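Observations on the model geometry
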Amino acid sequence: MADILKEIAPTKIERNPDNPRIFFRDEEMDTLTASIRRYGIQVPITVYAEGKHYVLIDGERRWRCAKKLNLESMPALIREKPSRLRNILLMFNIHALREQWDYLTIARKLPDVIELFKKENSGRTPTEVEQSELTGLTRGQIRRCGLLLELPKKYRETLEEELSLPKHFQKLSEDFFIEMERALKTVQNRVPSAIKNLDSARDALIKKFRKETIKNITDFRMLSKIATSVKRLGVKESKAREALKGIFDPNNKTSIEQVFAEQFELKFDERRVILSADSIYDFLETSLEDQAAVSVSDKLRKSLSRLNRLIERFLKS
Amino acid sequence: MVFGTFSDRKRLVANRSLALCRNEWGGIRLRTEEPIDAAINWSPTFHMRPNSTLIVAVEVNEYLFPEILKIAAHDIEHYNFPIAVYQACPLDVYQNDARLARANLLADHGFGLITVDDAGTTRIHTRAEPLAQHIPKSRFDIALRPLTQRLKIRFRAAYATYHIDIGQGLQAAGQIIEAMITCIAKHAEANGVVPARTSNRGTADIIDALSPTNAFRNYRAALGGARHFANRYRNIASHNPRGPQEAAEKLRRCKEGFLEALHIAEELRAVMLQLGCPLRII
């Protein structure tokens, strides 16, 4: 059946129970309401017929605004009723190409996609690549959703509460939880003795973030660096453990940034300089062997002379 | 499910403010998420008709003074049924409104405000009056500017009455105009322009006596305005509306009359200044 464009009364339309989107923030709806009032609905919504009603495939925000504005009718593209998997995937793909949903929105619906896929494919679980092809999401996005899905219920509810707030009231974002979970996973793998209770560690980090002891969500990357310093830099595990325990203690004001700067940053800088020095050494050695030293540019010669003087000063100090 | 598409937080606000409105207005002919009428481009979160001359409508929104209320205001004002509109929002939205800028705008446009805290405690912060009768404070203040201090005090008292009883408020504004006309008449009597005791007559008669005289030749427009005002708005307060349409019409006329009184007071004040007529008004 070909798609049909028709004017439909918003009261005859129902929301799609499979729409992953659950957060409709008033502030954003307000802007859309004003736009629809001023310019009308420029892009038709997409629906399918179900008995005497229509069910939304795409355009829940426009539909809500049309109802709020008490519009008599709105333009809609009527499609054939899709299968449940196709229904969900249509919504995923529409949004992957347009404005992106909240990750939690996607994460909540991804298990349904996997289950329905398994039903249609003799119980085979879709690979990450297949999930990406089906949903129109990148593999990175699917992995991020996975991190949110693995969150314990308590924290998912906390995140849901936050996401339902107007944007300027939101303190804990999806990115916060994604960064925190990544860092905690690294700590668990590298210095397992630093975390006795994962939820207590989460609570401490959330508390410190709310109190701005942890100022930025990218600070969690430093937490990962502290954990990896044992293997990468040869830092004693006991030192890393004590540092991490201080960060996971909710009753002190120790920040990740402070611990990293005081105890680990220099070691990471040293490692970086060693790698750079090794690289310069390799280049110079190869150039000498190839007798290519005479052909290097003046700019490099000047730069190396300057470096040589500084190294001599540094080593004598 | 009522308010089924709302977030938990918004649903709490909707349910608690609905409970408060039921207590306050009885919840008669309550409708949730339905339009009031096809003529109004707005479906409030809920509305009710506490009596035959008032609809109370509430918009639950986490954004203070949302566009939808601005859009609806014009339709509501011209609708043939008085409608008082409230916005209900979480308390923290109100508390986080910098310098209460948006909350004040909401009130200035005649909308009431209900807040609900996390525990569900509900409070009416600002009372709404039917939009058809609302005179914004900002507009009133601008109209007061050219008047004398004594007139300002009298009009402020009339404005306060207007919020409680719109008819009485208009009557109070009318009495200021009458007092100004009487002052002008007394001054004219003292100067032999009109016969003695002209000022004891009714306002319309006084104006009829003053207008044909040479001394008031240049002030006939101002006097004509006052005469029209006395005719058009004198008895509005004493007429009880027989239905919602008359009630809405009465509100519109009272509002129009009150604003007219302010304008006429400004013109009569100018006349008095030019005549050197003192304003003796208690």
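The text that follows walks through the structure, step by step, so that each part is easy to find. As the structure is a computational prediction, the values presented were derived from the model and not from experiment.

1. Structural notes on unusual backbone geometry
If you check the backbone angles, A:N70 has positive phi at about 55 degrees while not being a glycine. Within the secondary structure layout, A:N70 lies in the loop between α2 (60-68) and β5 (74-79). On the basis of relative accessible area, A:N70 is assigned to the buried category, the value being 15%. Positive phi, normally seen in glycine, also occurs at B:R99, with a value near 50 degrees. Looking at where B:R99 falls in the secondary structure, it is placed in the loop between α3 (91-95) and α4 (101-108).

2. Considerations on the sheet that holds strand β2 (residues 13-14) of chain A
Residue and element names in this part refer to chain A. Taken in spatial order, the five strands of this open sheet run β1-β5-β3-β4-β2, and their pairing is mixed. At either margin of the open sheet sits one strand with a lone partner, and together these are β1 (4-8) and β2. Where β1 and β5 come together, five bridges link them in antiparallel fashion. Bridge pairing in β5 links I8 to M74.

3. Overview of the environment of B:F111
Residues and elements named next belong to chain B. You can see F111 is positioned in the loop between α4 and β5 (112-116). On the accessibility criterion, F111 (1% relative accessible area) is buried. Sequence separation of F111 and V85 is 26 residues, and the distance between their C-alpha atoms is 5.3 Å. The contacts of F111, once residues within four sequence positions are left out, are F65, L69, A73, V85, L106, T126, A128 and L131.

4. Observations regarding the nonpolar core
Membership of the largest hydrophobic core comes to 60 residues, with the highest contact counts inside it found for A:L148, A:F176, A:F177, A:L205, A:F220, A:L223 and A:F248. What A:L148 contacts, discounting residues up to four positions off in sequence, is A:Y103, A:L104, A:A107, A:R156, A:L159, A:E174, A:F177 and A:I178. In this structure, B:A132, B:A158, B:I184 and B:A185 belong to the second largest nonpolar core, which totals 49 residues.

5. A closer look at the packing of aromatic side chains
This structure, assessed with the given rule, holds 14 aromatic pairs over all chains. Considering the side-chain rings of B:F229 and B:Y233, the 5.3 Å spacing of their centres and the 45 degrees angle between planes classify their relative orientation as tilted. With B:F229 and B:Y233 both in helix α9 (residues 220-233) and four residues apart, this pair spans about one turn of that helix. In this structure B:Y233 comes out as buried when scored by relative accessible area, which is 6%. Following the ring pairs from residue to residue traces out a cluster consisting of B:F140, B:F155, B:Y159, B:Y162 and B:F258. In this structure, A:K171 packs its charged tip against the face of A:F209, placed 5.9 Å from the ring centre.

6. A few points about α4(B)
An α-helical turn contains 3.6 residues, so any two residues separated by three or four positions project in the same direction. Residues and elements named next belong to chain B. Listed in full, the buried residues belonging to α4 are A103, L106 and D108. Tucked into the core, α4 has its buried residues touching α2 (67-77), β4 (83-90), α3, β5 and α5 (137-144). The first or second residue beyond α4 is G110, which carries a positive phi of 95 degrees.

What counts, and where the lines are drawn
- Residues numbered from 1 in each chain as written.
- Chains lettered and ligands numbered in written order.
- Predicted model: local features only at pLDDT ≥ 70, side-chain atom pairs only at ≥ 80, totals over all residues.
- Heavy atoms only, no water.
- Helix = DSSP H or I, 4+ residues; strand = E, 2+ residues; numbered from the N terminus.
- Buried < 20%, exposed > 50% of the residue type's maximum accessible area, 1.4 Å probe, protein only.
- Pairing = 2+ DSSP bridges.
- Contact = heavy atoms within 4.5 Å.
- Core = buried A, V, L, I, M, F, W, Y, C linked by side-chain atoms within 4.5 Å.
- Phe/Tyr/Trp six-rings, centres within 6.5 Å; stacked < 30°, edge-to-face > 60°.
- Lys NZ or Arg CZ within 6 Å of the ring centre and 35° of its normal.

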